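Structural overview
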Amino acid sequence: MKIFSESHKTVFVVDHCPYMAESCRQHVEFDMLVKNRTQGIIPLAPISKSLWTCSVESSMEYCRIMYDIFPFKKLVSSSSHALMAALAAVGPPNPRADPECCSILHGLVAAVEALCKITEYQHEARTTLLENAERVGNRGRIICITNAKSDSHVRMLEDCVQETIHEHNKLAANSDHLMQIQKCELVLIHTYPVGEDSLVSDRPKKELSPVLTSEVHSVRAGRHLATKLNLLVQQHFDLASTTITNIPMKEEQHANTSANYDVELLHHKEAHVDFLKSGDNHASGNSREGTFKETVTLKWCTPRTNSVELHYCTGAYRISPVDVNSRPSSCLTNFLLNGRSVLLEQPRKSGSKVISHMLSSHGGEIFLHVLSSSRSILEDPPSISEGCGGRVTDYRITDFGEFMRENRLTPFLEPRYKIDGSLEIPLERAKDQLEKHTRYWPMIISQTTIFNMQAVVPLASVIVKETMTDEDVLNCQKTIYNLVDMERKNDPLPISTVGTRGKGPKRDEQYRIMWNELETLVRAHINNSEKHQRVLECLMACRSKPPEEEERKKRGRKREDKEDKSEKLGKDYESDKPWQESERLKGLLDREKEELAEAEVIKDSPDSPEPPNKKPLIAMDEMPTVEKAKGPMSLLSLWSNRINTANSRKHQEFIGRLNSVNNKAELYQHLKEENG
């Protein structure tokens, strides 16, 4: 069916009853000559618009935004054929007229009649489809602005629209110039003066019948009504808001100075689709006339003077200023219509700026261009070896080429039937095969072990089959037994060490990783057939090692640890040996100095007994020091000094040696004295 959405036709019905001539009670100051007013002149009183004026202005603003962004295929009609001419001819409501003579029901009936009429686009679609002209859809929307008396009055208006649609659909069924209404949205807006209480309750969209849905909005007149219509036009036509900030603009009163202004633009929401895809949330809340509104903020960049410069754009969308009569909006539109372009950047707290959009005019219309921030399709495609984002460089390129050859599409010449007798669809069979081959297929070399091993190729190429033969099962079992034999021999595995420090995982850990990955591959296909299950049973049986095997693995791990430890100690000893001997010698000298200092303190004390004549452990004049040594000391000298020092501390020195002369002690000295 050629679908025309509810936005294809929009009919405005504005109430013209006497009550709409009432003041909205929102004053407008128009006497701006406050400072230069001559004394004695009475200032002009402020004025206020009527409910009718507020309703007409808000409706026209709705139409302006819609026509700016959708100049084609989005149609608006009021209760008369020529909108502006009819509004000028009707004039304001007469407050002294009889309310009983004025009824908005006539306008609602005319709105339903307008929706039944065929538009040029619908006629073109029906002409194109010829015999299937009835497949062209007819949908529309009625926006009614009135002052309802109560909720029951609102229900009466809804019933009127529903009955009118039912009657006119009967007439359209027998007419070549009318179309039946398939779906109609009724938007009832109850407006009332500022300061009064509303007699009508808000109600969200509600389905009254398969053809009619209705929603009710209770809004104060004045700028509040204009804001409500602004939000409704965004909802009805899938629009989004973008605020351009930091726009430099010269001041009117001070030509040499400039200030920064903001301008809010409306456009189709697809201009923000890149933000939604990337997950970046650049939307911020904007409180506009008491109503919370979401807008995306983009910063003004220095404009490009070269309008011929090309930018890689992914989309261009017409824009419409929200406050079209403001000076900043007028200056911005004039600047762009003169052939200038403005780049817009995303506000970022850190990092380089990202240019995401551009404002430029074409043929007298201003467009918001979406610039691509990623690699352009016009550039040469990156090599797969460069990696995605430049981070991954070890793709299984060769294996992927083989994978593509195994899954090429070929003409299906003869029909094939499934086991249950039904015809096998070639496309479904191809999808099923591709799904089986990709259940477990790592794309990175460093993320797999078994696909880097030639010994696992027979099993990996067979396990993906839908059905296996007994020979296939036997080949898979042989592959598993070969892996067990490799583990028994402690053969190395092709483990990738990219991104790891040191030697990587130990041999035992490597095989554990390999067995886990192999089990993952087999388990992904165990539901294919019973023979796939047999392969898994063989794998699990081989993984459960006997106790003696576990003991052997433990001994192997201990031996590897001892070898690593001894190797490390050997390297440390070779590098630390010279400075360790020097440190030992330095410590020995320090201890000798401390003992001598303690002896001097005890000797000087008046209460201390006379210390024994104890010889120092090592004479200072005989102590080999680094300062006295001429050239480097040998390892034997350092070791001998250490042994002598240690031995001297283990016993008390012989008293005869302490009193000896030239290291000779005279024995039996008292015998000579007795004989004498």
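First, a word on what this report is: a plain description of the structure on this page. (Residues numbered from 1 in each chain as written. Predicted model: local features only at pLDDT ≥ 70, side-chain atom pairs only at ≥ 80, totals over all residues. Heavy atoms only, no water.)

With 30 residues, the main nonpolar core has Phe12, Tyr62, Ile189, Phe237 and Leu239 as its most contacted residues. Residue assignment for this core shows that the elements contributing at least two residues are strand 1 (9-14), helix 1 (51-69), strand 5 (139-146), strand 6 (183-192) and helix 6 (223-236). Contact partners of Tyr62, with chain neighbours within four places excluded, come to Thr10, Phe12, Arg141, Ile143, Leu229, Leu232, Val233, His236 and Phe237. Of all hydrophobic cores here, the second largest spans 29 residues; its members include Met453, Val473, Met486 and Leu493. (Core = buried A, V, L, I, M, F, W, Y, C linked by side-chain atoms within 4.5 Å. Buried < 20%, exposed > 50% of the residue type's maximum accessible area, 1.4 Å probe, protein only. Helix = DSSP H or I, 4+ residues; strand = E, 2+ residues; numbered from the N terminus. Contact = heavy atoms within 4.5 Å.)

Now for the packing of helix 12 (residues 470-489) against helix 14 (residues 530-543). Where helix 12 meets helix 14, the axes come as close as 10 Å, and the angle between the chain directions of the two elements is 15 degrees. Classed by the angle they form, the pair helix 12 and helix 14 counts as roughly parallel. Crossing handedness for the pair helix 12 and helix 14: right-handed. Side by side, helix 12 and helix 14 meet where Asp470, Val473, Cys476, Gln477, Ile480, Tyr481 and Val484 of the first sit next to Lys531, Arg534, Val535, Cys538, Leu539 and Cys542 of the second. For the contact of helix 12 with helix 14, the residue count by class is 9 nonpolar, 1 polar and 3 charged. (Axes fitted to C-alpha atoms, helices over the stretch in contact; angles between N-to-C directions. Parallel < 35°, antiparallel > 145°, perpendicular 65-115°, else oblique. Left-handed = near helix turned anticlockwise from the far one by under 90°. Nonpolar A, V, L, I, M, F, W, Y, C, P; charged D, E, K, R; others polar.)

Taken as a whole, this structure holds 22 salt bridges when the rule is applied. In this structure, Asp472 engages Lys465 in a salt bridge whose closest nitrogen and oxygen atoms are separated by 3.7 Å. A relative accessible area of 11% places Asp472 in the buried class. Residues participating in the shared-partner salt-bridge network are Glu61, Arg64 and Asp68. (Salt bridge = Lys/Arg side-chain N within 4 Å of Asp/Glu carboxyl O.)

Okay, the packing of aromatic side chains next. One pass over the full model with this rule turns up 8 aromatic pairs. Geometrically, the ring pair formed by Phe12 and Tyr62 is edge-to-face, given 5.1 Å between the ring centres and 80 degrees between the ring planes. On the criterion of sequence distance, the pair formed by Phe12 in strand 1 and Tyr62 in helix 1 is long-range, its members being 50 residues apart. Judged on exposure class, the residue Phe12 and its partner Tyr62 are both buried. Relative to Phe335, the ring of Trp300 lies with its centre 5.7 Å away and its plane at 50 degrees, an arrangement referred to as tilted. Of this pair, Trp300 sits in strand 12 (residues 291-300) while Phe335 sits in helix 8 (residues 327-337), and the two are 35 residues apart along the sequence. (Phe/Tyr/Trp six-rings, centres within 6.5 Å; stacked < 30°, edge-to-face > 60°.)

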